[in-house]
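Here's the letter readout for the chains.
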Amino acid sequence: MTRYDNDAERTFVALPPAQGRGFAQTWWGRAWLKALEDAAMDTAQVKAGRRLARVGAVGAVSVRPGRITAVVQDRDRTAHRADVLLERLSDAQWDRFVDMAIERSGHVAALLDRDMPPHLVEDASAAGIDLLPGMGDLEPECDCGAWDHCGHTAALCYQVARLLDQDPFVLLLMRGRAESAVLDALQTQRSTPAEEVASRAEGVDAAEAYAVGQVLPPLPAAPALREGPGAPPSLETETAPPSGIDPPALVLLAARTASEAHRLLAEALRSGHDRQAVHPEPTVAQDAVRLAAGDPGPGVLDRLGEGSGRTREQLAAAVRAWRLGGATAVTVLEEEWVVEGDTLARARAALESSWEEDERPSLRARANRWTVAGAPHQIRLDRDGRWWPYRREHGRWASAGGAAQDPATALASAVLAAGDEP
């Protein structure tokens, strides 16, 4: 609640304790506190001020051009008058601020809505007008005798941050103009001829533009993740589809796209995502397998197989691999590569160390595939050094499990997949 003493001063009644909440919810409120916390030489005094403000020790706050004032009670109930001074803008600066706001109608709308968007502050700074204080701009005065920010002036600044959250015109008043004066000037200047506006100089001073970076707002909070992907719109209509459009295939594509988007967003919001390796985009042939793994109808499966150069049996084998290990598993299924150099040496060392000498199976090697002699079991090495289990089924090699770091584990998966004796 505010009491208006006159057009150039506003007095805010004492706010209740700020238990369980931050002192600044808006970005400009946080910028105000940053100016205090960056400049104070004694961080203990800043923390003491935050505690005093949190328990409601700051009385009514008087705001007028260039100064804010309040009585702050110590923990022992001793009262101190605390003042914080902020440099007032000159008349020329205010004229430039009004001109800048008029040139961009969105700024006027934001001020009328009691908002201070970042681009308003940036444009003002580009015009040589620093609305928000920088480091050292908040000058303290207190009757406790402290020469720097004390707990009392710090408490006052924390309380003012809450007022700024409610109304950015508080900041404009501290800089030298009451709300009515700002709004009257905006209304008057709206009638300025377009020719005069067009004749004004353009451009931004480099130093002023660089300084804008210090008052940029923080990044917004991450979006909330829904429990599952959204449902694509229904294509059930009484109108026949255009030539060349396959509605079942289109429904599948929309559903799988929504599912993939949900998966990617879940990964992006997971802690540590920024430190994960970026995986390459799947090829068309791999993406056909991903879509086929969504269990479409026979017609769509045939189209996916034809489009990716696979028979129905080959596509089924690729889908099985995909479900066990994604695109990498499909690559291991369908591609051979020659193991050479250090990679071959590491593979041989892994094969020799994974079993005791009298337990090591007899393996025949071809490219990146090692097949157990006289048995329908095989292990395959991928390019990341992992081993994949395979079984011989109906005359074809088929994926039998996920990847393992050592060949013995992979071979055991191949053996146990069908209940064979290890």
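Because the structure is a prediction, the values reported are computed rather than measured.

Q: Even after reading the chapter, I still don't get the overall build of the protein, so can you show me in this structure?
A: For the protein, the count of helices and strands is 16 helices and eleven strands. The buried share of the protein, taken over its 422 residues, is 38%. Long-range pairs, those at least 24 residues apart, make up 63% of the contacts in the protein between residues at least 6 apart in sequence.

Q: How do you make sense of a nonpolar patch on the surface when you look at a structure like this?
A: Together, L225, L265 and L269 make up an exposed nonpolar region whose accessible area comes to about 210 Å². With respect to the secondary-structure elements, L225 resides in the loop between α10 (206-212) and α11 (247-269).

Q: In this structure, what is going on with the pairing of strand β9 (residues 377-381)? I would like to understand it.
A: Both faces of the sheet carry side chains from a regular strand, because those side chains alternate between them. The buried count for β9 comes to five of five residues, which makes it a mostly enclosed element. The alternating pattern of β9 places H377, I379 and L381 on one face and Q378 and R380 on the opposite face, and all of these are buried. The pairing of strand β8 (residues 369-372) with β9 spans three bridges and is antiparallel. Opposite W370, over in β9, you have I379 as the bridge partner. Adjacent in sequence and paired antiparallel, β8 and β9 are bridged by four residues, among which G374 carries a positive phi angle near 75°. Direction of pairing for β9 relative to strand β10 (residues 387-393): antiparallel, over a ladder of five bridges. Its bridge partner being in β10, H377 is matched across the sheet by R391.

Q: What is the right way to read the sheet that holds β10 from this model?
A: Pairing between the strands of a sheet comes from backbone hydrogen bonds, and it takes one of two forms, parallel or antiparallel. Read across the sheet, five strands follow the order β7-β8-β9-β10-β11 without closing on themselves; strand pairing throughout is antiparallel. Of all strands in the sheet, those with a lone pairing partner are β7 (363-366) and β11 (396-399), marking the two edges. Ignoring strand direction, the axes of neighbouring strands in this sheet form an average angle of 30°. In terms of strand pairing, β10 meets β11 through four bridges, oriented antiparallel. Looking across to β11, one finds that E393 is bridged to R396. Taken strand by strand, helix α16 (residues 407-416) contacts β8, β9 and β10, and its axis lies near 25° from that of β10.

Q: I keep staring at the packing of aromatic side chains and nothing clicks. Help me out?
A: Scanning all chains against the criterion turns up three aromatic pairs. With centroids separated by 6.4 Å and ring planes inclined at 80°, the aromatic side chains of W27 and W28 adopt a geometry described as edge-to-face. Look at W28 and you get buried, because its relative accessible area is 6%. Ring centres of W94 and F97 lie 5.6 Å apart, and the angle between their planes is 85°; on these two criteria the pair is classed as edge-to-face. Of this pair, W94 and F97 both sit in helix α3 (residues 91-103), three residues apart, roughly one helical turn. Summarising the burial analysis for this pair, W94 and F97 share the class buried. Above the plane of the ring of Y390 lies R380, whose end atom (NZ or CZ) is 4.0 Å from the centre.

Q: I keep staring at unusual backbone geometry and nothing clicks. Help me out?
A: Phi is mostly negative for residues that are not glycine, and the peptide bonds are mostly trans. Non-glycine residue D295 carries a positive phi angle of around 55°. Note on D295: relative accessible area 61%, which makes it exposed. In this structure, A367 takes a positive phi of about 55° despite not being glycine. Within the secondary structure, A367 is located in the loop between β7 and β8.

Q: Explain the pattern of salt bridges here, please?
A: Once the charged atoms of two side chains with opposite charge are near each other, the side chains can pair. Following the criterion strictly, the structure yields 15 salt bridges and no others. Between R290 and D287 there is a salt bridge whose closest N-O contact spans 2.6 Å. Highlighted residues: R290 and D287, both in helix α12 (residues 284-292), separated by three residues, approximately one helical turn. When the shortest N-O distance is used, the salt bridge between E393 and R320 registers 2.9 Å. One end of the pair, E393, is in strand β10; the other, R320, is in helix α14 (residues 312-334), and 73 residues separate them in sequence. Overall, E393 belongs to the partly exposed group, its relative accessible area being 25%. Counted as one network, the salt bridges with shared partners bring together R67, R81, D83 and E141.

About the cut-offs
- Residues numbered from 1 in each chain as written.
- Predicted model: local features only at pLDDT ≥ 70, side-chain atom pairs only at ≥ 80, totals over all residues.
- Heavy atoms only, no water.
- Helix = DSSP H or I, 4+ residues; strand = E, 2+ residues; numbered from the N terminus.
- Buried < 20%, exposed > 50% of the residue type's maximum accessible area, 1.4 Å probe, protein only.
- Contact = heavy atoms within 4.5 Å.
- Patch = residues over 30% accessible without salt bridge, like charges linked within 9 Å, V, L, I, M, F, W, Y side chains within 5 Å.
- Areas by Shrake-Rupley, 256 points an atom, 1.4 Å probe, with all protein chains shown as cover.
- Salt bridge = Lys/Arg side-chain N within 4 Å of Asp/Glu carboxyl O.
- Pairing = 2+ DSSP bridges.
- Axes fitted to C-alpha atoms, helices over the stretch in contact; angles between N-to-C directions.
- Phe/Tyr/Trp six-rings, centres within 6.5 Å; stacked < 30°, edge-to-face > 60°.
- Lys NZ or Arg CZ within 6 Å of the ring centre and 35° of its normal.

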